[in-house]
Each structure stands twice: as C-alpha cells, then as structure tokens.
Amino acid sequence: MKMNRRDFIAIAVVLILSVAGFLVFGRSQKDGGAVRITSGGKVVGTYPLGSDKEIKIPFENGENTVVIKDGSVYMKNADCPDRHCVKQGKISKSGEAIICLPHKLTVEITGGEIDAVAR
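What you see is a predicted model; the values in this text were computed from it and never measured.

Student: Honestly, the state of the cysteines in this entry has me stumped. Any pointers?
Tutor: Think of a disulfide as a covalent bridge from one cysteine sulfur atom to another cysteine sulfur atom. Within this structure, the stated rule accounts for zero disulfides. Residue C80 stays outside any disulfide, its sulfur separated by 3.6 Å from that of C100, the closest cysteine. On the basis of relative accessibility, which here comes to 4%, the residue C80 falls in the buried class. A relative accessible area of 1% places C100 in the buried class.

Student: How should I be thinking about the nonpolar core in this particular structure?
Tutor: Generally speaking, a soluble globular protein has its nonpolar side chains buried in company with each other. Counting 22 residues, the largest nonpolar core has V35, I37, I57, V73, M75, C85 and V107 as the members making the most contacts within it. Listed by contribution, the elements that provide at least two residues to this core are β1 (34-39), β2 (42-48), β3 (53-59), β4 (62-69), β5 (72-78), α2 (84-87), β6 (97-100) and β7 (105-110). Apart from residues no more than four positions distant in its own chain, V107 is found in contact with V35, R36, I37, V66, V73, M75, I91, E96, A97 and I98.

Student: So what exactly am I meant to see when it comes to the environment of P81 here?
Tutor: Checked against the element boundaries, P81 lands in the loop between β5 and α2. Residues P81 and P102, spaced 21 residues apart in sequence, show a C-alpha to C-alpha distance of 8.1 Å.

Student: What should I look at first to understand a nonpolar patch on the surface in this one?
Tutor: Together, M3, F8, I11 and L15 make up an exposed nonpolar region whose accessible area comes to about 410 Å². Its place among the elements puts M3 in the segment before α1 (5-30).

Student: What is the right way to look at the sheet that holds β5 in this model?
Tutor: Strands belonging to one sheet form pairs held by backbone hydrogen bonds; the direction of such a pair is parallel or antiparallel. Taken together, the three strands give an open sheet; going across it, the order is β3-β4-β5, and neighbouring strands pair in antiparallel fashion. The two strands at the open ends of the sheet, each matched to only one other strand, are β3 and β5. The average undirected angle you get between the axes of adjacent strands in this sheet is 20°.

Student: I keep staring at the pairing of β4 and nothing clicks. Help me out?
Tutor: When a strand is regular, its side chains alternate between the sheet's two faces. A large share of β4 lies buried, amounting to six of its eight residues. Following β3, the chain reverses through two residues before pairing antiparallel with β4. As judged from the six bridges shared by β4 and β5, these two strands associate in the antiparallel manner. The partner of V67 across the bridge, within β5, is Y74.

Student: Just to check I follow, could you spell out the pairing of β6 for this structure?
Tutor: The two faces of β6 differ: I98 and C100 on one face are buried, but A97 and I99 on the other face are not. Hairpin connection between β6 and β7: a loop of four residues separates the two successive antiparallel strands, and K104 in this loop has a positive phi of roughly 55°.

Student: Hey, could you run me through unusual backbone geometry in this one?
Tutor: The phi dihedral of D70 is positive, around 55°, even though this residue is not glycine. Along the chain, D70 turns up in the loop between β4 and β5. Positive phi is not limited to glycine here, since R83 has a value of about 55°. Mapping R83 onto the fold places it in the loop between β5 and α2. For R83, a relative accessible area of 31% translates into the label partly exposed.

Student: What am I meant to see in the sheet that holds β7 here?
Tutor: The four strands lie next to each other as β2-β1-β7-β6, forming an open sheet whose pairing is antiparallel. Across the chains shown, the open sheet's two edge strands, defined by having one partner strand only, are β2 and β6. Within the sheet, the average angular offset between the axes of one strand and its neighbour, ignoring direction, is 15°.

What counts as what
Residues numbered from 1 in each chain as written. Predicted model: local features only at pLDDT ≥ 70, side-chain atom pairs only at ≥ 80, totals over all residues. Heavy atoms only, no water. Disulfide = S-S within 2.5 Å. Buried < 20%, exposed > 50% of the residue type's maximum accessible area, 1.4 Å probe, protein only. Core = buried A, V, L, I, M, F, W, Y, C linked by side-chain atoms within 4.5 Å. Helix = DSSP H or I, 4+ residues; strand = E, 2+ residues; numbered from the N terminus. Contact = heavy atoms within 4.5 Å. Patch = residues over 30% accessible without salt bridge, like charges linked within 9 Å, V, L, I, M, F, W, Y side chains within 5 Å. Areas by Shrake-Rupley, 256 points an atom, 1.4 Å probe, with all protein chains shown as cover. Salt bridge = Lys/Arg side-chain N within 4 Å of Asp/Glu carboxyl O. Pairing = 2+ DSSP bridges. Axes fitted to C-alpha atoms, helices over the stretch in contact; angles between N-to-C directions.

See below:
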C-alpha cells in the first residue's frame, strides 16, 4: 500500500493535535497554583505555591509548621504523636494533600485560586 500526500497530511495533523493536547492537559494536571490550609473544616489561608513561606499553625496541644518552597509544600514539624504528615514529604501537584488527623489539619494543592484569607 502506497501512501499519498493526503495520508502524510492526516498523520501530521494527528501528531500536532496529540502534542498540543498533551501540553495543555498534561501541564494543567501537573502543577497546582496554590496551597490551601484547612483546620477543623475552616480555611486558615490560601498561599501561592510559587512563594517561599513558613506557616505556623498553633493548636491547644502543639503546633504544626508548613513550608512552601521551590514550588512544593511539606509539613516541617508537627506535635502530633504519629507524625505521619511530616513523613509524607513534599507535594506539588494539583489535588495532592497532606493530612494531620490528630489536629484535623489539611494542606492541599489547588488549581490556583487565592482567596482573601491569604497571609
């Protein structure tokens, strides 16, 4: 079977659309734009993922320290007994979250909405 000019054009169009789709949808899922910290169901703050910041969240029986640095976020310190949130490590993709169950604290990467609560 011999390929003609139309076959080459069709293949080129499919390849271009595939690459464009990957760039658009692949990037939108890869990196989030904001970090939302919630404690007990209430938003503590929403911060740009691109900023370098250390946020201390006090509790009756301790304190958690969240660090945003180099496009990722992690729990630097927690006064809870198991410290699973600290052991989880860094997150940077939209939809990822760090959860501290004893303190009812959630740190999640969102699509980029920064609300008025941000500090």
